[in-house]
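Understanding the architecture of this molecule
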Amino acid sequence: MTQHDRLLIIDFGSQVTQLIARRLRELNVYCEIHPYNKVDDAFLKSFAPKAVILSGGPDSVTRAGSPRAPEALWSFGVPVLGICYGQQTMMQQLGGLVENGHGTAEFGRAFVTPTTDKLSILDGWFADGREQVWMSHGDHVSKIAPGFLVYGTSPNAPFAVTADPARHFYAVQFHPEVHHTPKGAKLYENFVKLAGFTGDWTMGLYREQAIAAIRAQVGDKKVICALSGGVDSSVTAILIHEAIGDQLTCVFVDHGLLRLGEAEQVVAMFRDNYNLNLIHADESELFLGKLDGVSDPETKRKIIGGLFIDVFQKYANGIEGAEFLAQGTLYPDVIESVSFSGGPSVTIKSHHNVGGLPEKMGLKLVEPLRELFKDEVRALGRELGLPASFIGRHPFPGPGLAIRCPGEITVEKLDILRQADAVYIDQIRKHGLYDEIWQAFAAILPMKTVGVMGDGRTYDYALALRAVTSVDGMTADTYPFTHDFLGETMTRIINEVKGVNRVFYDITSKPPGTIELE
Ligand code: XMP
């Protein structure tokens, strides 16, 4: 969509390929990841990268038929950096030799020491005479290709850093993209500098170019957008609104499963601050009616997902002449990664989204965040003037409080849950912990227990409090609150929320638990 200096990452299936892209984006360099089997000579020409990085990968270049970089790359005339498997295929393809482990495999921390020759991508390295790096390889290069020299060695990788500076080919055995290679970011910085990148990937520029692209795509047609109040859909809506103003209508589906005051806040923010066409579809009765008596988690999710689509469609049909549907799809959702294991993965939970809607309604998609990682969306949100407190909000799942209310959902339980959750989050904010936590919320358990308050017996609901740290929601650790904090929070909840007489703190990590209770 946008025009920037571009770097191409050819993916050989490493677990950490996305981290390479993260490091480069942090340097304001635009890059894309493409699987090795989709990058042929023609692709290379049309992508026109200013530099290329070959990722690591699980295969062995000694195996017949194993992945290779396209031959055209070696005469393409741009700098190439090979990492781990990328180094090995570079050596093999250019006339060197790679051998199987035989006791020289290395996994984990290692130290690289420099040779006498200096190499520009290692500028700023070796202040202490050596540098910590992260290794993860079974094979190793046993003979470097003609034209290459060695610039760094480690005990088990005599060719830890090799290069042919005249042709701008660089190759490292270790992984500079992981945090355990502390000077890795510096290596990438040196590499993109020598490749001539100017750091032109900034959110200010992105905003301008994205707006121009939206105008070109949409023309004078109308766009509809499902606004959830989350960061991705909000940034999508505001960006499109900035591009086409009143041609955009947002539909905010209120399923009655939102947090205390949330619907009002979302509606006020978008109507008052952005003067955006917004339909507040209050369909809580419909959703809660259909969920009445349902306790199976997957059935709940399916009911909510199906109704959401029906309701959105109903309101969208009322918008005369809408031809486009806006979606907050992010770059991690569109990367086609190389799968070596094959086979479908098990469905743990059916996630809530509007996939399938565009075809069903005959709409074309506008996805202005397709090139962005999550933290870039936040940066763009700041650029567009969204308040910091809004951008930094914890994720909230599409099915809302339904999956924080195991068992049957009732209006009474939802009320208790809303109030308790608000007290809990208030406590976390007051103690300055909100930004340290990935996600925190209360859940109401499907049981009542006996308690004593004043001189009387109580028989009320039990709550579970959850707080986790995480990077991407895929794995999570319990947040280690102090006992004092937990005690104070319990007291406040019991005192301030009627209908609760017991509070648990959920200490389950993910795995084995999931973040949400259902
Ligand atoms: P789990 O419970 O699967 O959650 O460990 C991981 C992350 O995903 C969020 N989540 C959802 N987000 N629609 C969403 O938009 C969903 O259906 C959904 N289910 C879970 C959850 O809040 C956590 O951040």
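Parameters at a glance
Residues numbered from 1 in each chain as written. Predicted model: local features only at pLDDT ≥ 70, side-chain atom pairs only at ≥ 80, totals over all residues. Heavy atoms only, no water. Salt bridge = Lys/Arg side-chain N within 4 Å of Asp/Glu carboxyl O. Helix = DSSP H or I, 4+ residues; strand = E, 2+ residues; numbered from the N terminus. Buried < 20%, exposed > 50% of the residue type's maximum accessible area, 1.4 Å probe, protein only. Pairing = 2+ DSSP bridges. Axes fitted to C-alpha atoms, helices over the stretch in contact; angles between N-to-C directions. Contact = heavy atoms within 4.5 Å.

**Quick look at the pattern of salt bridges**
- Taken as a whole and assessed by the stated rule, the structure comprises 24 salt bridges.
- The partner of glutamate 383 in a salt bridge is arginine 207, and the shortest N-O contact between them spans 3.5 Å. Taken as a pair, glutamate 383 in helix α12 (residues 374-383) and arginine 207 in helix α5 (residues 203-218) lie far apart in primary sequence, 176 residues in all.
- Across the pair aspartate 426 and lysine 430 runs a salt bridge, and its minimum N-O distance is 3.1 Å. Of this pair, aspartate 426 and lysine 430 both sit in helix α14 (residues 411-430), 4 residues apart, roughly one helical turn.
- Judged by relative accessible area, which is 60%, lysine 430 ranks as exposed.
- One salt-bridge network, in which partners are shared between bridges, spans Asp426, Lys430, Arg492 and Glu496.

**Some points on the sheet that holds strand β13 (residues 248-254)**
- Read from one edge to the other, the open sheet built from 5 strands follows the order β14-β13-β12-β15-β16, with strand pairing classed as parallel. The two strands at the open ends of the sheet, each matched to only one other strand, are β14 (277-282) and β16 (364-366). Ignoring which end each strand starts from, the neighbouring axes of this sheet average 30° apart.
- Summarising the sheet, strand β15 (residues 322-326) and β16 pair through 3 bridges and their orientation is parallel. By the bridge assignment, alanine 326 is partnered in β16 with valine 366.
- Packing of helix α7 (residues 262-274) onto the sheet brings it into contact with β13 and β14, and relative to β14 it is tilted by some 165°.

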